[in-house]
Amino acid sequence: MTIPVTIDGKVQGQVLGVSDLREIPPYLDTYPSLRIVYDINVRPLAMELKGALSVERGEDVPAFAISCSEEGKTLHTVQDICTWLLDTSAQRSTLLLAIGGGICTDMAGFAACIYKRGIPFAFLPTTLLAQVDAAIGGKTGVNFQDFKNMLGVISQPVYTFECPTSLLTLPYREFLGGAAELLKTFILDDGGGKVLYEETVSLLGEVHSLGLKKEERLGDALLPYLPALGKLIGAAASVKASVVSEDPYERGRRKVLNLGHTFAHGIEHEARVRGDAWSHGEAVSMGMVLCARLSSSLGLCTEELSDKIRKDLGGCGLPVECPYPLSSLRGAMSVDKKARGGKVPFILIGDIGDVRIVELEVEEALERLERYY
Ligand code: GLY
């Protein structure tokens with residue numbers, strides 16, 4: 001699988017499918033030196049790839065571990081990465097390879113964008129969420145003053161290596177977070193046949209029926225599903241790359257990737273205030289159900305479709321009901337980065353594979369949803 005991200009007629013990055021980490025080193029041969037930044041949680045995998053790269057190049061490839069959390073997704077961590085790049089004499093031609101989930105790729109990508117005014121970077125995403133969303137499309141950055149991803153730049157990784165076997169060590173709860181983004185992708189673009197969405201619902205439903213505990217690692221239980229999952233990850237990566245190629249700086253079409261995210265940001269903010277621990281993907285799942293209901297209340301889709309989406313997401317093991325009063329989401333939703341003139345662009349659903357951007361006041365959206373509570 002090779003999927004180009006093409007901007008202004010020029011290929012600026014590629015998403016590459018690999019079945020084994022040892023396939024990666026030759027792609028990086030043309031770079032005179034490499035640095036690796038990795039999430040400490042995936043140390044064994046990062047060390048395996050560091051070893052393979054060092055053998056290929058005949059020299060040690062330096063690697064730097066970071067611990068990744070929303071609280072630690074700060075300029076401070078980016079500064080640590082830049083300090084390490086400087087300490088290890090990274091040059092402008094050095095490629096920085098980030099190995100980890102979306103927080104790791106966002107921060108390392110941002111550091112690469114600002115170090116010496118920009119060095120090339122590549123990603124090996126190790127979570128489902130990063131494989132289908134965060135590590136494709138070039139959004140990099142950090143949280144700032146209680147706002148998510150408030151500082152950052154859009155710049156494309158030269159490679160995003162998609163290796164589904166790297167998901168085996170993922171805890172089930174993190175897998176589910178990525179599952180929400182996978183479903184989101186096919187709700188907004190199903191390749192025209194509604195097959196990808198249904199296949200995803202069915203595969204995730206089967207994984208859910210294994211009865212894994214949320215903190216349990218997927219391990220060998222995921223093995224029988226890897227070929228089908230790999231195909232769906234490739235299809236989702238393809239949708240994402242095509243949306244980004246059309247609108248890299250989110251002036252129009254790229255906004256559709258935020259399906260469910262305005263509500264999700266409100267839910268995540270309220271969760272932080274209350275000390276609850278919903279993951280981003282879980283909040284996106286609840287947000288998509290709210291979007292489906294909002295869509296049917298505006299007559300854009302049928303109630304049957306809205307109910308089906310709720311049932312499908314629930315059947316995959318995702319949370320579907322926002323546990324907070326809707327009014328408590330208002331503040332955080334209104335400061336959405338995409339808000340303009342009091343209105344927020346909501347991504348609403350006409351059908352599976354058919355979404356549209358509708359500007360609404362947050363107040364109106366919440367009022368329409370009150371009747372469900
Ligand atoms: N995660 C949404 C985007 O990349 O635009």
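Residues numbered from 1 in each chain as written. Predicted model: local features only at pLDDT ≥ 70, side-chain atom pairs only at ≥ 80, totals over all residues. Heavy atoms only, no water.

*Asks:* For this particular structure, what's the right way to read a nonpolar patch on the surface?
*Replies:* A cluster of nonpolar side chains, Leu75, Phe144, Phe147, Met150 and Val335, forms an exposed patch at the surface whose accessible area comes to about 390 Å². Looking at where Phe144 falls in the secondary structure, it is placed in strand 7 (residues 139–144). (Patch = residues over 30% accessible without salt bridge, like charges linked within 9 Å, V, L, I, M, F, W, Y side chains within 5 Å. Areas by Shrake-Rupley, 256 points an atom, 1.4 Å probe, with all protein chains shown as cover. Salt bridge = Lys/Arg side-chain N within 4 Å of Asp/Glu carboxyl O. Helix = DSSP H or I, 4+ residues; strand = E, 2+ residues; numbered from the N terminus.)

*Asks:* Quick question: what am I supposed to make of the site of the ligand here?
*Replies:* In the vicinity of the ligand, the residues found are Asp133, Lys139, Lys240, Glu250, Arg254 and Leu257. The contact in question runs from an oxygen atom of the ligand to an N or O atom on the side chain of Arg254, over 2.8 Å. Its residues assigned to classes, the shell around the ligand comprises one nonpolar, no polar and five charged. (Near = heavy atom within 4 Å. Polar contact = N/O pair within 3.5 Å; in protein donor to acceptor, adjacent residues only side chain to side chain. Nonpolar A, V, L, I, M, F, W, Y, C, P; charged D, E, K, R; others polar.)

*Asks:* What's the story with the environment of Ser54 in this structure? I'm lost.
*Replies:* Relative to the assigned elements, Ser54 resides in helix 1 (residues 43–57). In this structure Ser54 comes out as buried when scored by relative accessible area, which is 15%. Residues Ser54 and Pro25, 29 residues apart in the sequence, show an inter-C-alpha distance of 8.9 Å. Among residues more than four places away in sequence, those in contact with Ser54 are Glu59, Asp60 and Val61. (Buried < 20%, exposed > 50% of the residue type's maximum accessible area, 1.4 Å probe, protein only. Contact = heavy atoms within 4.5 Å.)

*Asks:* Could you clarify how one ought to interpret the side chain of Asp39 in this entry?
*Replies:* The residue Asp39 is located in strand 3 (residues 34–39) in this model. Buried charge Asp39 goes without a salt bridge, the closest partner of opposite sign being Arg217 at 9.6 Å. Beyond its immediate chain neighbours, meaning those up to four positions away, Asp39 contacts Ile66, Cys68, Ile99, Gly100 and Cys104. (Lys, Arg positive; Asp, Glu negative; His and termini not counted.)

*Asks:* Sorry if this is basic, but what is going on with the sheet that holds strand 3 here?
*Replies:* Paired through their backbone hydrogen bonds, the strands of a sheet run either parallel or antiparallel. An order of 1-2-9-6-5-3-4 is seen for the seven strands of this open sheet, with the pairing classed as mixed. Edge strands, defined here as strands with exactly one partner in the open sheet, are strand 1 (2–7) and strand 4 (63–66). Neighbour-to-neighbour, the strand axes of this sheet turn through a mean angle of 20°, independent of strand direction. Pairing geometry for strand 5 (residues 95–100) and strand 6 (residues 121–125), over five bridges, is parallel. If you follow Gly100 over to strand 6, its bridge partner there is Pro125. In this fold helix 1 packs onto strand 3, strand 4, strand 5 and strand 6, with an angle of close to 170° to the strand it touches most, strand 3. (Pairing = 2+ DSSP bridges. Axes fitted to C-alpha atoms, helices over the stretch in contact; angles between N-to-C directions.)

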